[in-house]
Amino acid sequence: MRIEIAKNHKKIIIFLDNRNIEIHPLWLRERVNNSEFLDRATGQRLYDPSSLDQKLKIKKALIKKNNLRVEFTDGVHSDFKVNDIIGEIHKNIEKKKYFLWTGKIKRRPIFNYKFDIIENKKGLNLLETFYNYGFVILRSTPKKKNFILSFANSLGIVRPTNFGKLFNVKSKKKVSDLAYTSHALPAHTDNPYRKPIPGIQILHCIKNSSDGGYSTLTDGFSVANYMQKKYKNYFKLLTSVKIRFTYVSSKTILENWGETIELDKKGMFKSIRLSPRLDYVPIIKKDKLHQFYKARSLFIKLCNSKKFMIKFKLRPGDIMIMDNHRTLHGRTSYSLKNGERHLQGCYIDHDLAESKMKHLKRKFKK
Ligand SMILES: [Fe+2]
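Predicted, not measured: the structure shown is a model, and the values here were computed from it. (Residues numbered from 1 in each chain as written. Predicted model: local features only at pLDDT ≥ 70, side-chain atom pairs only at ≥ 80, totals over all residues.)

What to know about the overall build of the protein
What the protein contains, in helices and strands, is 8 helices and 23 strands. By principal-axis analysis of the C-alpha atoms, the protein measures approximately 80 × 55 × 45 Å. Sorting the 366 residues of the protein into buried and exposed places 30% on the buried side. Put simply, 75% of the contacts in the protein that link residues at least 6 apart link residues at least 24 apart. (Helix = DSSP H or I, 4+ residues; strand = E, 2+ residues; numbered from the N terminus. Buried ≥ 20, exposed ≤ 12 C-beta atoms within 10 Å, placed from the backbone. Contact = placed C-beta atoms within 7 Å.)

Remarks on the domain arrangement of the protein
Partitioning the protein into structural domains gives domain 1 (2-93) and domain 2 (110-226 + 298-364). Using C-alpha coordinates to define each centre, domain 1 is positioned 44 Å away from domain 2. (Domains from an automatic or database assignment.)

Some remarks on the packing of helix α5 (residues 220-230) against helix α7 (residues 286-303)
One way to put it is that α5 packs onto α7 with a least axis distance of 10 Å and a crossing angle of 130°. With respect to their mutual orientation, α5 and α7 come out oblique. Along this stretch, α5 crosses α7, giving a crossing that reads as right-handed. Each of G220, V223, Y226 and M227 in α5 lies in contact with α7, whose residues at this interface are F299, L302 and C303. Residues that form the contact of α5 with α7 fall into these classes: 6 nonpolar, 1 polar and no charged. (Axes fitted to C-alpha atoms, helices over the stretch in contact; angles between N-to-C directions. Parallel < 35°, antiparallel > 145°, perpendicular 65-115°, else oblique. Left-handed = near helix turned anticlockwise from the far one by under 90°. Nonpolar A, V, L, I, M, F, W, Y, C, P; charged D, E, K, R; others polar.)

Some remarks on helix α2 (residues 82-93)
With 12 residues, α2 extends 17 Å from end C-alpha to end C-alpha; this agrees with the ideal 16 Å at 1.5 Å per step. Counted residue by residue, α2 has 0 buried out of 12 residues, so it is predominantly exposed. (Expected span 1.5 Å × (residues − 1).)

Observations regarding unusual backbone geometry
Here the bond from K195 into P196 is cis, since omega is -10°, no more than 30 degrees from zero. Considering the arrangement of structural elements, one finds P196 in the loop between β10 (185-188) and β11 (200-208). One non-glycine residue with positive phi stands out, namely N18, at about 65°. Position of N18 relative to the elements: it lies in the loop between β2 (12-16) and β3 (19-22).

Some remarks on the sheet that holds strand β8 (residues 135-139)
Spatially, 6 strands are ordered β7-β8-β20-β11-β23-β9 in an open sheet, and the strand pairing comes out mixed. The open sheet is flanked by β7 (110-112) and β9 (167-169), the only strands paired with a single partner. Across the sheet, the mean angle separating the axes of adjacent strands is 25° when strand polarity is ignored. Both β9 and strand β23 (residues 341-348) contribute to a ladder of 3 bridges, which runs antiparallel. Paired with F167 across the strands is G345, a residue of β23. Against the sheet, helix α4 (residues 147-155) touches β11, β20 (319-323) and β23, its axis set at about 30° to β23. (Pairing = 2+ DSSP bridges.)

Brief notes about the nonpolar core
Core analysis: the largest hydrophobic core is formed by 35 residues, its most contacted members being F135, V136, A152, I202, M320, I321 and I348. What F135 contacts, discounting residues up to four positions off in sequence, is P109, F130, L217, M320, I321, M322, D323 and T327. Counting 21 residues, the second largest nonpolar core, distinct from the first, contains L237, L238, F308 and M309. (Core = buried A, V, L, I, M, F, W, Y, C linked by C-beta atoms within 7 Å.)

Quick notes on the packing of helix α3 (residues 121-133) against helix α8 (residues 350-364)
Here α3 crosses α8 at 130°, and the two axes come no closer than 9 Å. Looking at the two axes, α3 sits oblique to α8. For the pair α3 and α8, the sense of crossing is left-handed. On α8, the residues that touch K121, G123, L124, L127, E128 and Y131 of α3 are A353, K356, M357, L360, K361 and F364.

Some remarks on the sheet that holds strand β6 (residues 77-81)
Pairing within the open sheet is antiparallel, and its 3 strands lie in the order β4-β5-β6. Of all the strands in the sheet, the pair left with one neighbour each is β4 (58-64) and β6. Geometrically, the sheet is characterised by an average inter-axis angle of 20° between neighbouring strands, direction not taken into account. Here β4 pairs with strand β5 (residues 67-72) via 6 bridges, running antiparallel. Directly across from L62, in β5, lies its bridge partner R69. Strands β4, β5 and β6 of the sheet are contacted by α2, whose axis makes an angle of about 70° with β6.

Comments concerning the environment of S209
Among the secondary structure elements, S209 is positioned in the loop between β11 and β12 (211-212). Judged by the 12 C-beta atoms lying within 10 Å of it, S209 is exposed. Residues within four places of S209 in sequence aside, it is in contact with G339 and E340.

Below, the structure written as structure tokens:
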């Protein structure tokens, strides 16, 4: 991408992917950051940009090295860094990049815990890796109960639910969710019945000497990508049929609707929802529904297949961080005859974790 000035010095042109795009004068005028227009302390505008002259034009523009000097027809002059303008345009067009993995993943994203891991360069590496893979595992954290809360709060802010700030995953006699039994749990995403759906799940292993109880992970985007390439019609159904997810207990009725594979407006994967014990398919034409059931069945099979799923045993002290909008998790059944199993889990949202990553990037990659 490059930026040039038209011969008459009244137009600024971006050259991008064999296209020429003229920058609208108001787009640039809104970005004038003189202290008259922008509050220095907060970086926020001191005026309502809708009050600008809608017929505003560029009177004169010049580029010298990395400096773009512009005079607008309302008498305002401003200097911009060309690189800043290019960076701003990139924010409009950049696509999220991530690594799609399968059951054959060679290097799993594993980190060793250090007390101040989040606030330094390792924290940046951890968060970037998390957003690249959709999960990370942190080894050798303190095996203390409730440690997960302070850890989660170092990444974002714990989001309490009707299960409390955290939930204990161990086998109990009277349970509110199958997670609290020793049954196997096939690949699923958590809580698609909530509004909004929790973005990140954190699980902390405190004890795991039981027989079985292996954890599983599947890259939902990788399975979606496979279906998009190999089973186009099924992919269409999974990205268009909205399902009702619900959780009901004596005091709670939670409900939300959404596609199994949600796409954004650019057609990129946005969110995976799979919770086969809590989903209610809508009544649509029988033939279409017939195809949908086939599509869902294949998706579930793939998510639980060796081709896409990884299986491993969490060790006491391990923390697993999962993108609940992308990565599916599960576990094999376990027996408590010869041991114990106790995990604690909680949720945080993506916004503060992403914010932390961007803040650390600004701090360490200047
Ligand atoms: Fe779960």
